[in-house]
Amino acid sequence: MIEQGLITQEQLEIGIQEQRKSGELLGSVLFSLGFISQKDLFKLLTISSANQEESEQDKYNADIPLEIENLVKQSSSLFQREGAIGKKELDSAYSPLVNLVEKIIVDGIQRSATDIHINPDAKGVRIRYRVDGVLQHSMFLPNELLNPIVSRFKVMGRMNIAESRIPQDGSAEFPYKNRKLDLRISTFPIIGGENVVVRVLDKSKLRIGLENLGFFDEDIEKLNESIQLPFGMILVTGPTGSGKTTTLYSCLSIINTVSRNIFTLEDPVEYQLPMARQSQINVKAGLTFATGLRSILRQDPDVILVGEMRDAETAELAIRASLTGHLVFSTIHTNDAISSIARIIDIGIDPFLISTTIDCIVAQRLVRSLCEECKESVPPFSPQYSKLGIDPSTSQLFRPKGCPACDGSGFKGRSVIYEILKITPKIRDLINVKASLEEVRRQAATEGFREMHEVALEKVRRGITTLDEVSHATRMHF
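Throughout, residues of each chain are indexed from 1 in the direction in which the sequence is written. With the structure being a predicted model, the display of local features is reserved for residues of pLDDT at least 70 and the display and counting of side-chain atom pairs for 80 or more, all residues being used for whole-chain, interface and lining totals. Excluding hydrogens and water, the side-chain values take into account all heavy atoms of the structure.

### Considerations on the state of the cysteines
Here a disulfide denotes one covalent bond, and it connects the sulfur atoms of two cysteines.
Right, so step 1: Criterion for a disulfide: a pair of cysteine sulfur atoms at a distance within 2.5 Å. Applying the stated criterion across every chain, the model contains 0 disulfides.
Right, so step 2: There is no disulfide at C251, and the cysteine sulfur nearest it, in C360, is 7.7 Å away.
Right, so step 3: Three labels apply to residues, based on accessible area from a 1.4 Å probe with only protein chains included: buried if under 20% of the type maximum, exposed if over 50%, partly exposed otherwise in between. Residue classification places C251 among the buried residues on the basis of a relative accessible area of 2%.
Right, so step 4: As a non-bridged cysteine, C374 has C403 as the owner of its nearest cysteine sulfur, 3.6 Å distant.
Right, so step 5: The buried category is assigned to C374, whose relative accessible area is 9%.

### Points about the sheet that holds strand β8 (residues 262-266)
Pairing between the strands of a sheet comes from backbone hydrogen bonds, and it takes one of two forms, parallel or antiparallel.
Right, so step 1: By definition, two strands form a pair when at least two bridges between them are found by DSSP. Secondary structure elements are defined from DSSP: runs of H or I of at least 4 residues count as helices, runs of E of at least 2 residues count as strands, and each element is numbered from the N terminus. If you walk across this open sheet you meet the 7 strands as β9-β8-β10-β11-β7-β12-β15, and the pairing is mixed. Strands with a single pairing partner mark the edges of an open sheet, and in this sheet they are β9 (277-280) and β15 (411-422). Strand-to-strand twist of the sheet, defined as the mean angle between neighbouring strand axes without regard to direction, takes the value 20°.
Right, so step 2: Examined bridge by bridge, strand β10 (residues 303-306) and strand β11 (residues 327-332) share 4 bridges and lie parallel to one another. Looking at the pairing, V303 lines up with L327 of β11. Orientation is described by lines fitted to C-alpha atoms, with helices fitted over the stretch in contact, and by angles between N-to-C directions that extend from 0 to 180 degrees.

### Some thoughts on the environment of C374
Right, so step 1: By secondary structure assignment, the location of C374 is in the loop between β12 (358-370) and β13 (376-377).
Right, so step 2: Each C-alpha atom of the pair C374 and P65 lies 26 Å from the other, and the pair is 309 residues apart in sequence.
Right, so step 3: Those residues within four positions of C374 in sequence are excluded, and the remaining contacts are K401, G402, C403, C406 and G410. The contact rule is simple, with two residues in contact once any of their heavy atoms fall within 4.5 Å.

### Details of the pattern of salt bridges
One side chain can pair with another of opposite charge once the charged atoms of both are near each other.
Right, so step 1: Throughout this description, the term salt bridge denotes a Lys or Arg side-chain nitrogen within 4 Å of a carboxyl oxygen of Asp or Glu. Summed over all chains, the structure comprises 25 salt bridges.
Right, so step 2: Between D336 and R441 there is a salt bridge, and its shortest N-O distance comes to 4.0 Å. One end of the pair, D336, is in the loop between β11 and α13 (339-347); the other, R441, is in helix α17 (residues 437-446), and 105 residues separate them in sequence.
Right, so step 3: According to the relative accessible area criterion, D336 is buried, its value standing at 18%.
Right, so step 4: Put simply, R441 and E438 hold a salt bridge, and the shortest N to O gap is 4.0 Å.

### Quick word on the environment of F174
Right, so step 1: Inspection of the secondary structure puts F174 in strand β4 (residues 168-176).
Right, so step 2: Judged by its relative accessible area of 7%, F174 falls in the buried class.
Right, so step 3: Considering only alpha carbons, one finds F174 and D202, 28 residues apart in sequence, at a separation of 9.9 Å.
Right, so step 4: In this structure F174 touches E102, I105, V106, I109, M156, R179, K180, L181 and L183, once residues within four positions along its chain are discounted.

### Regarding the confidence of the model for the protein chain
Right, so step 1: The quantity known as pLDDT measures the predictor's confidence residue by residue, on a range of 0 to 100. Overall, the prediction assigns the protein chain a mean pLDDT of 87, with 92% of residues at 70 or greater.
Right, so step 2: Looking over the protein chain, one finds the lowest element-wise mean pLDDT in helix α3 (residues 38-62), namely 59, and the highest in strand β7 (residues 232-237), namely 96.
Right, so step 3: Throughout residues 56-60 the model reports pLDDT below 50, and contacts reaching past four residues in sequence, or to other chains, amount to 3 contacts.

Given below as structure tokens:
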């Protein structure tokens with residue numbers, strides 16, 4: 001302001017003194033004191049905004065990793081000069097663009113990202129990684145690189161690079177450190193260009209085993225009783241990305257022996273299980289969950305995994321299969337275990353069939369686990385102790401701190417929170433008479449049913465996660 005000749009040093013000091021008393025913005029204080037006009041105030045805001053944009057741009061430029069910066073400059077220079085994107089630039093091992101996209105993928109893999117996001121943005125191309133379920137900003141790249149990067153991913157996924165008006169899906173294998181990772185590539189047209197999301201599937205990091213996922217020992221025993229049944233149905237429910245597939249694979253791995261014929265219908269097949277016969281849905285070719293399930297029943301199966309019960313036909317076939325001597329695993333999208341019953345009835349399945357076939361329903365979510373290297377204890381005077389009814393002199397709660405091992409986030413890995421509803425004789429009777437979900441819930445509670453938030457709070461008490469994580473994953477607020 002002084003540089004612009006709008007105020008004197010003395011006026012500035014008076015303005016600062018008044019600003020300390022009132023707490024208002026300095027520009028507003030100077031205007032109210034009559035030191036600057038409204039026109040001068042607008043001029044100040046314009047200058048401030050321009051300086052802020054410059055400093056933000058400097059930050060965006062600075063956040064590009066050094067090993068990527070040269071490739072960005074080479075790629076930008078290439079496409080500014082040539083304009084058109086040729087096959088050589090999109091598919092040659094010597095192309096700076098190809099190497100740039102490879103570096104973006106490798107950076108995501110090194111951060112243990114499950115998804116890589118390439119987003120058109122007003123300031124350029126925003127690169128983000130989803131790590132432990134949370135999106136993290138990585139870098140901004142120049143605007144002129146958006147179309148070349150999108151085209152490169154389309155080439156990798158064997159998609160049509162000339163089509164940008166409709167969504168496309170593709171897949172690719174990506175070699176990394178003597179192993180091959182599966183990439184599921186999805187493009188979607190939005191204002192400003194095409195949005196790209198790449199799902200990274202690393203088979204070597206699949207943690208099969210209910211104990212590895214975070215199930216407590218007493219609940220693993222409950223699930224084992226259901227898994228060992230000769231026939232019936234086991235359902236897993238939860239939102240996308242809640243670990244349902246991993247839970248199902250963990251269950252199958254327990255009974256995956258030479259003496260059992262296991263078939264799966266998935267969309268898509270994410271990981272391969274030894275000895276299991278796995279099939280991927282192909283709607284264009286006519287292989288849906290319903291048609292595939294009909295054919296599988298003629299393959300003499302003992303155990304069937306149906307990726308998802310999406311409609312009445314698939315649900316009815318799966319239930320009929322469990323009635324005819326098969327053990328069936330499947331998923332359904334509901335918020336909790338008990339509401340799954342209403343959802344299946346809503347699809348069009350008779351309550352009698354539900355009560356006689358389903359043995360248990362597992363509902364689950366994932367929460368971030370505290371980093372064991374740096375987690376620190378919550379001070380004893382914190383209200384968290386009273387909220388959980390914990391005596392700080394006998395037990396400790398923990399909170400995130402951040403260290404190099406967890407990339408400064410304070411969290412490393414994820415753990416499952418869940419609820420397991422066993423269909424007991426009394427609950428079966430309630431389903432048959434179409435009792436309300438609240439009646440089913442009350443009966444389940446009398447038989448030892450623990451709701452998801454109860455399991456989640458137990459994990460907080462054991463120092464596995466935090467109250468904030470539980471609040472984000474469930475409807476509970478503390």
